[in-house]
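In case you want the letters, here they are:
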Amino acid sequence: MTADRDLRVAPSVLAADFARLGAQVREVVDAGASVIHIDVMDGHFVPPLSMGPQVVSALREFDVTLDVHLMVERPELQIGEFARAGADTITIHAEATPHVNYTLAAIRDAGCRAGLAVCPSTPPHFYREVEVDLALCMTVNPGWGGQPFIPSSTDKVRRIAELISDEAELEVDGGIGPATVAGAVRAGARVLVAGSSLFRDAEGLGHAVSDLRARAEAARG
Ligand code: DX5
Ligand code: ZN
């Protein structure tokens, strides 16, 4: 079972305006976000290409946790580069490599926290077999921002919470916003990744970050 640790809002820069990336990250950090989520896509594990280690090193100037979500095949080949770029947490997908154990160990050897993500169709049993620092329950199918939260994810978050250690963080990613955050938090999620709900908020980024945190705090009670 996860400990009742602090809630953390983790803006996903996939939804940012890349011409204003630094300014937008400054804005979310000033509004209280302590994690920046960086989505890396390789065009194979998921169809799109997104960003690489250069973005991680550029964002290293901010005093926040850099949370790298590798949606790539053979993630074991990428660990060194992302660790050297300044990642704090590197999360791989259980579906992306037959070498999950080895890759989690390589992430820790590189000085980072080791995360394991599962797609919506993947049962949570992987978490019985490995020790993780972070469990990422995908609440949409990976590859794109702006998709609706999959309702059955809430129950899955609950089941994952039962399988991971007290020290591990439980993160949700996909479709998290004002309407879905409370259910995810009540199920046990503590790191809340959000892209479009923050970066497309009509009242602005800072407002969106504080509003999401307030809703999450209220749901935790
Ligand atoms: C999807 C990514 C997410 C994405 C979430 O594959 O892993 O991090 O940015 O975007 P929203 O919050 O818009 O669903
Ligand atoms: Zn992500």
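Refer to the preceding data block for the structure.
Residues numbered from 1 in each chain as written. Chains lettered and ligands numbered in written order. Predicted model: local features only at pLDDT ≥ 70, side-chain atom pairs only at ≥ 80, totals over all residues. Heavy atoms only, no water.

Peer 1: Outline the side chain of Glu 171, supporting the account with residue identities and numerical values.
Peer 2: Tracing the backbone shows Glu 171 in strand β7 (residues 169-173). Comment: no salt bridge for buried Glu 171; closest opposite-charge side chain is Arg 113, at 7.9 Å. Not counting the four nearest positions on each side in its chain, Glu 171 is found in contact with His 37, Asp 67, Leu 134, Ala 135, Leu 136, Cys 137, Val 191 and Val 193. (Helix = DSSP H or I, 4+ residues; strand = E, 2+ residues; numbered from the N terminus. Buried < 20%, exposed > 50% of the residue type's maximum accessible area, 1.4 Å probe, protein only. Lys, Arg positive; Asp, Glu negative; His and termini not counted. Salt bridge = Lys/Arg side-chain N within 4 Å of Asp/Glu carboxyl O. Contact = heavy atoms within 4.5 Å.)

Peer 1: If you had to explain the coordination of the zinc ion (ligand 2) to someone new, which residues and values would you point to?
Peer 2: Only His 37 (NE2), Asp 39 (OD), His 69 (ND1) and Asp 173 (OD) from the protein coordinate the zinc ion (ligand 2), and they sit 2.0 to 2.3 Å from it. Coordination at the zinc ion (ligand 2) comes from six donor atoms whose angles at the metal span 70 to 169°, giving a geometry best classed as octahedral. Ordering the donors of the zinc ion (ligand 2) by residue number gives the pattern H-x1-D-x29-H-x103-D. On the criterion of sequence distance, the pair formed by His 37 in strand β2 (residues 35-41) and His 69 in strand β3 (residues 65-71) is long-range, its members being 32 residues apart. In terms of burial, His 37 and His 69 fall into one category: buried. (Donors = N, O, S within 2.8 Å, 3.2 Å for Na, K, Ca; no water. Tetrahedral: all angles 85-135°; square planar, octahedral: opposite > 155°, others 65-115°.)

Peer 1: Which residues make up the site of ligand 1, and what are the values?
Peer 2: Within the structure, ligand 1 sits among 20 residues, and Asp 39, Gly 143, Asp 173, Gly 195 and Ser 196 are positioned closest to it. Gly 146 is positioned such that a nitrogen or oxygen atom in its backbone is 2.8 Å from an oxygen atom of ligand 1. Between ligand 1 and Asp 173, the relevant distance is 2.7 Å, taken from an oxygen atom to a side-chain nitrogen or oxygen of the residue. Most atoms of ligand 1, that is more than half of them, are within 2 Å of grid points of the largest pocket. Where the shell around ligand 1 is concerned, the elements lending two or more residues are β2, β3 and β8 (191-194). Counting residues per element, the shell around ligand 1 draws most heavily on β2, which supplies three residues. (Near = heavy atom within 4 Å. Polar contact = N/O pair within 3.5 Å; in protein donor to acceptor, adjacent residues only side chain to side chain. 1 Å grid on protein atoms, 1.4 Å probe; cavity = no way out; pocket = protein on both sides within 12 Å on 5 of 7 lines; lining within 4 Å. Sits in = over half its atoms within 2 Å of the grid points.)

Peer 1: Any details on empty space enclosed by the protein? Residues and values, ideally.
Peer 2: Inspection of the entire model under this criterion finds two cavities of 30 Å³ or more. In terms of lining residues, the largest cavity is bounded by Arg 8, Val 35, Thr 65, Asp 67, Thr 89, Arg 113, Leu 134, Glu 169, Glu 171 and Val 191. Elements supplying a minimum of two residues to the lining of the largest cavity: β3 and β7. Grouping the constituent residues of the lining of the largest cavity by class yields three nonpolar, two polar and five charged. In this structure, the second largest cavity encloses a volume near 30 Å³. Surrounding the second largest cavity, Pro 178, Ser 197, Leu 198, Asp 201, Ala 208, Asp 211 and Leu 212 form its lining. Contributing elements (two or more residues each) for the lining of the second largest cavity: α8 (196-199) and α9 (205-220). (Points joined across faces, edges and corners; volume = space filled by probe spheres on them. Nonpolar A, V, L, I, M, F, W, Y, C, P; charged D, E, K, R; others polar.)

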